[in-house]
Amino acid sequence: MLRIPGPTPCPEEVLQAMTKQMINHRGVEFQALIGSITSRLKEFFQTKGDVLILTASGTGGMEAAVVNTLSPGDKVLAVCNGVFGERFAAIAETFGAEVTRLSFPWGQPDDPDAVRRTLASDKSIKAVLVTHNETSTGVTSDLAAISAVVKQYDKLLLVDAVSSLSSIDLQTDSWGCDVVITGSQKGWMVPPGLAFISMSENAWKAHAQARMPRFYWDFAQAKKYLKSGQTPWTPAVSIFYALDVALELMANEGLVNIFARHARIGQKTRDQVKALGLPLFAVEKYASNTVTAVKAADGLDTNRLLQILREEHDVILAEGQGKLAGKIFRIAHLGWVTETDIDAVIERLRAALPKAGFSAAST
Ligand SMILES: *Cc1c(COP(=O)(O)O)cnc(C)c1O
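(A) The overall build of the protein chain, seen in detail. Summing up its helical and strand segments, the protein chain has 12 helices and 12 strands in all. Its C-alpha radius of gyration of 20 Å places the protein chain within 12% of the 21 Å reference for a compact globule of 363 residues. Taking the principal axes of its C-alpha atoms as reference, the protein chain extends roughly 60 × 55 × 30 Å. Within the protein chain, buried positions represent 57% of all 363 residues. Pairs at least 24 apart in sequence give 73% of the contacts found in the protein chain among residues at least 6 apart. Only carbon and sulfur atoms are counted for the fraction: they give 52% of the accessible area of the protein chain, which is about 14000 Å². Charge-centre separation for the protein chain: the mean point of 37 positive side chains lies 4 Å from the mean point of 38 negative side chains.

Dropping the structure here:
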């Protein structure tokens, strides 16, 4: 039982789709496949703009977003509240942007008012980087409020939605998100290998001016090839097969129902974790519906806990990343997940906790 925030489990029919023979990625079959997938992805992005599919993990998508919209020396505000926000900032720095970090304590959401104050005091900022769902801490920030501020100041908004899009509501167009990035192995019930990225008209305008070096990621190429139903370079064809089936499953369930299921399961996970006597790491109002971070308390050794769960209970949970190593563990509940799955995780957690040093009385 794999309950980490990506790669996530895939339904059998999604896996089966990948046993299909290869096709010509410059032929009519692939043209039909990418056309149909792209138009369905737009519905999940809630956008009428462009969505590009890259053969990459989520980080590749983040790098592509940066190098296609920015130039060396551009002033960028990186809003950070965890490992992935730091990664986004580091990517922009690597390519020569002048990055200012607006950091919030890990476990807390990004504060829209602080973003407003920063943008008001520094008119030279060109773009804002935001993590919608900070997977390392289990926090979902109020992206609608943040994007309203960023749009008020008419800045470019780049959003890491790798672990939220498809599972948590994200209205790309109505919130004015210029570039939104997600990855196939998170909420999409598909193996790793593809990143999906939306580009607004403003983002394309920025692209026309952007001078950061790029070759594999060049969106001018991606857009040109997409017109004829292709990608510039050889795509992960098998993952396209899988995505085709997953999108059908997702369309059958419906976007609103998928969001509701994640909200229900997120709440259930938090309730059950607390009932075990364990504290949540994230401030509860902003706790993520795709991943729950649990604080180590009352003598709990998280490494030992994850080992016992893996070896004796066939459950794989995620450790804390970066400075949170040993301080938290994480239960992922995104993509192909049911309430029964969470019941099973909690039951095994309850059995494993005392052996991992946890001393509080559990129910
Ligand atoms: C998983 C994840 C990424 C990207 O990770 P990859 O391993 O490159 O796919 C980026 N941001 C967030 C918030 C994530 O959860």
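(B) Quick look at the site of the ligand. Taken together, the neighbourhood of the ligand is formed by 13 residues, with Ser-57, Thr-59, Thr-135, Asp-160 and Lys-186 sitting nearest. At 2.9 Å from an oxygen atom of the ligand is found a main-chain nitrogen or oxygen belonging to Gly-58. One nitrogen or oxygen atom from the side chain of Asp-160 is found 2.6 Å from a nitrogen atom belonging to the ligand. Expressed as a share of its isolated accessible area of 380 Å², the protein-covered part of the ligand is 87%. At the level of secondary structure, the elements contributing two or more residues to the shell around the ligand comprise helix 3 (58-69) and helix 4 (83-94). For the shell around the ligand, the element with the highest residue contribution is helix 3, accounting for 3 residues. Across the shell around the ligand, the residue classes break down as 3 nonpolar, 7 polar and 3 charged.

(C) Seen up close, the sheet that holds strand 10 (residues 291-295). Read across the open sheet, the 3 strands follow the order 10-12-11; overall the sheet is antiparallel. Each end of this open sheet is capped by a strand with a single partner; those strands are strand 10 and strand 11 (318-319). Across the face of the sheet, helix 10 (residues 255-275) comes into contact with strand 10 and strand 12 (328-332) while running at roughly 15° to strand 10.

(D) Highlighting the domain arrangement of the protein chain. Per the domain assignment, the segments making up the protein chain are domain 1 (17-252) and domain 2 (254-356). Look at where the C-alpha atoms of domain 1 and domain 2 centre, and you get two points 27 Å apart. Residue-level contacts link 28 residues of domain 1 with 24 residues of domain 2. Where domain 1 abuts domain 2, roughly 2000 Å² becomes buried across the two surfaces, and 64% of that area is made up of carbon and sulfur atoms. In terms of surface lost to domain 2, no three residues of domain 1 exceed Trp-106, Gly-138 and Ser-167, which account for 24% of the buried area on that side. Counting every contact that joins domain 1 to domain 2 gives 9 residue pairs in polar contact (both at pLDDT 80 or more). Breaking the side of domain 1 that touches domain 2 down by element, the ones donating at least two residues are helix 2 (28-45), helix 4, strand 6 (139-140) and helix 9 (237-253). In terms of residues, the side of domain 1 that touches domain 2 owes the most to one element, helix 9, which gives 3 residues. Along the lines of polarity and charge, the residues of the side of domain 1 that touches domain 2 split into 10 nonpolar, 14 polar and 4 charged.

(E) Main features of the pattern of salt bridges. Following the criterion strictly, the structure yields 16 salt bridges and no others. The partner of Lys-75 in a salt bridge is Asp-122, and the shortest N-O contact between them spans 3.1 Å. Of this pair, Lys-75 sits in strand 2 (residues 75-80) while Asp-122 sits in the loop between helix 5 (112-121) and strand 4 (127-131); the two residues are 47 residues apart in sequence, bridging distant segments of the chain. Look at Lys-75 and you get partly exposed, because its relative accessible area is 23%. Note on Asp-122: relative accessible area 17%, which makes it buried. Between Lys-268 and Asp-343 there is a salt bridge, with the nearest N and O atoms lying 3.0 Å from each other.

Basis of the calculations
- Residues numbered from 1 in each chain as written.
- Predicted model: local features only at pLDDT ≥ 70, side-chain atom pairs only at ≥ 80, totals over all residues.
- Heavy atoms only, no water.
- Helix = DSSP H or I, 4+ residues; strand = E, 2+ residues; numbered from the N terminus.
- Rg over C-alpha atoms; globule rule 2.2 N^0.38 Å.
- Buried < 20%, exposed > 50% of the residue type's maximum accessible area, 1.4 Å probe, protein only.
- Contact = heavy atoms within 4.5 Å.
- Areas by Shrake-Rupley, 256 points an atom, 1.4 Å probe, with all protein chains shown as cover.
- Lys, Arg positive; Asp, Glu negative; His and termini not counted.
- Charge placed at Lys NZ, Arg CZ, Asp CG, Glu CD.
- Near = heavy atom within 4 Å.
- Polar contact = N/O pair within 3.5 Å; in protein donor to acceptor, adjacent residues only side chain to side chain.
- Nonpolar A, V, L, I, M, F, W, Y, C, P; charged D, E, K, R; others polar.
- Pairing = 2+ DSSP bridges.
- Axes fitted to C-alpha atoms, helices over the stretch in contact; angles between N-to-C directions.
- Domains from an automatic or database assignment.
- Buried area = accessible area lost by both parts, 1.4 Å probe.
- Salt bridge = Lys/Arg side-chain N within 4 Å of Asp/Glu carboxyl O.

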